[in-house]
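Results of the structural survey
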Amino acid sequence: MALEFTVRDDQQYTDQARLDEIFANPGFGDHFTDHMAVATWTKEKDWHDAGVVRYGSLASDPASAVFHYAQEIFEGLKAYRRADGSVWLFRPEANGERLRNSAARLALPQLPVEDFVAGVRALVEVDQRWVPGGAEQSLYLRPFTIANENFLGVRAAHTATFCVIASPVGAYFKGGVSAVDIWVSLDSSRAGAGGTGAAKCGGNYAASLQATNEAYAHGCSQVLFLDATDRSHIDELGGMNFFVITRDGQLVTPELTGNILPGITRDSILTMAPDIGFTPVERRITLQEVLDGIADGSIVEAFACGTAAVVTPIASLTVRDQVHRLPEVAESQSLDIRQRLVDIQYGRAEDPYGWTHKV
Ligand code: PLP
Ligand code: COI
């Protein structure tokens, strides 16, 4: 039976003046709405007790499994305000499917996709006024599931909590949509064969933070991780998928080897590619091939993509002390791809793929 997210609280705690102040400079993930959606799972009762409640701390025992063995998964999607004031979600069922796949990998309970979408919708309906309407702005939704049983034995927990929180956001990177510098991690990996790279679990991100600090120390804002087995093929960035654009119009991205997150933005771009004049290519791609392509001009652009980053052009790849600069382009094809995607998301262009859903 479908879960019903009962609205237990819909009071608006934040006044309009404060909301306007937040919308003037939302940042990314710094402010949270007045409510959250929650549901409980137990081995005996399956999913139950779903509702929208006031945003606040989750009461957890220090022995809760999530604190010790990182049995946690999450998602990221956005709600967009259109020019007519209406609010729309982008491919929420794809996030619901991915959360189910992540749950299977982390031995967490799988929430049915319709319940996932119902939880997200219920929260956005209650907190509609939190969806900003400025350029590049949206309401970032962060659904997650945590093991929530108090015990220290190492086994899958028998109790879990699903929760959705929401944050009004602007561009992910401080520089807005301008091109970013990338640090290539030669020493640490994010995920290896048979590991959890294809799941969206907190542990993957924890494993990326040391290299991220290294990137910051070298003036870069994201890390590009290589395949953990041969350390020569490109996997993905710490929080984004990776693409290059070739001189002959190919959009090339690493194929899904099981170590890479199957990004919904990645999939959307690959789907749109033939319709916007590119040839989509998913294959293994070496770092050396990319550096050679930059040097000989056969690779003309590179970009990062994801829900948070949308499509962000890459300015350079730093490998140890060598900075490999992508050429400056008069008309960025990456930004054109970005524009075509956000035009669909904000309803400024037709959506022939059926990706957008009104709340
Ligand atoms: N790769 C990683 C590691 C990510 O964290 C993300 C962000 O969600 C992506 C790729 C892009 O996925 P999506 O486009 O579904 O947001
Ligand atoms: C997202 O894009 O949704 C992510 O989870 C990535 C992170 C950099 C915020």
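Residues numbered from 1 in each chain as written. Chains lettered and ligands numbered in written order. Predicted model: local features only at pLDDT ≥ 70, side-chain atom pairs only at ≥ 80, totals over all residues.

The name given to the protein in an unreviewed UniProt entry is Branched-chain-amino-acid aminotransferase, with the source organism recorded as Luteococcus japonicus LSP_Lj1. Taken from UniProt, the Sequence similarities (unreviewed entry) comment for the protein reads in full: "Belongs to the class-IV pyridoxal-phosphate-dependent aminotransferase family." UniProt annotates the protein under Cofactor (unreviewed entry) with the comment "pyridoxal 5'-phosphate". (UniProt positions renumbered as here; feature names shortened; annotations may be inferred.)

So, the domain arrangement of the protein
When cut into domains, the protein gives domain 1 (16–169) and domain 2 (180–346). The straight-line distance from the C-alpha centre of domain 1 to that of domain 2 is 26 Å. Counting only elements with at least two residues in the side of domain 1 that touches domain 2, the list comes to β4 (72–74), β5 (77–81) and α3 (92–105). Here the side of domain 1 that touches domain 2 takes six residues from α3, the largest share from any one element. (Domains from an automatic or database assignment. Helix = DSSP H or I, 4+ residues; strand = E, 2+ residues; numbered from the N terminus.)

Concerning the site of ligand 1
For ligand 1, the full set of nearby residues is Gly76, Glu236, Gly239, Met240, Asn241, Leu261, Gly263, Ile264, Thr265, Arg266, Gly306 and Thr307. For the shell around ligand 1, the leading source of residues is helix α7 (residues 264–272), giving three residues. (Near = placed C-beta within 6 Å.)

Digging into the environment of Trp130
On the secondary structure map, Trp130 appears in the loop between α4 (113–126) and β7 (138–147). What makes Trp130 buried here is the crowd of 26 C-beta atoms within 10 Å. (Buried ≥ 20, exposed ≤ 12 C-beta atoms within 10 Å, placed from the backbone.)

Focus: the nonpolar core
Counting residues in each nonpolar core, the largest one holds 90 residues, and the members touching the most others are Ala79, Leu123, Leu224, Phe243, Ala304, Cys305 and Ile314. For this core, the element with the highest residue contribution is α4, accounting for seven residues. Each of two domains, domain 1 (16–169) and domain 2 (180–346), supplies a minimum of three residues to this core. Among residues more than four places away in sequence, those in contact with Leu123 are His35, Met36, Ala37, Val52, Val164 and Ala166. (Core = buried A, V, L, I, M, F, W, Y, C linked by C-beta atoms within 7 Å. Contact = placed C-beta atoms within 7 Å.)

Here we look at the UniProt feature "modified residue: N6-(pyridoxal phosphate)lysine" (unreviewed entry) in the protein
Under the UniProt annotation, the feature "modified residue: N6-(pyridoxal phosphate)lysine" (unreviewed entry) is placed at Lys200. On the basis of neighbour counts, which here come to 23 C-beta atoms within 10 Å, the residue Lys200 falls in the buried class. In contact with Lys200, other than residues within four places in its own chain, are Ile73, Phe74, Glu75, Arg98, Ser102 and Leu261.

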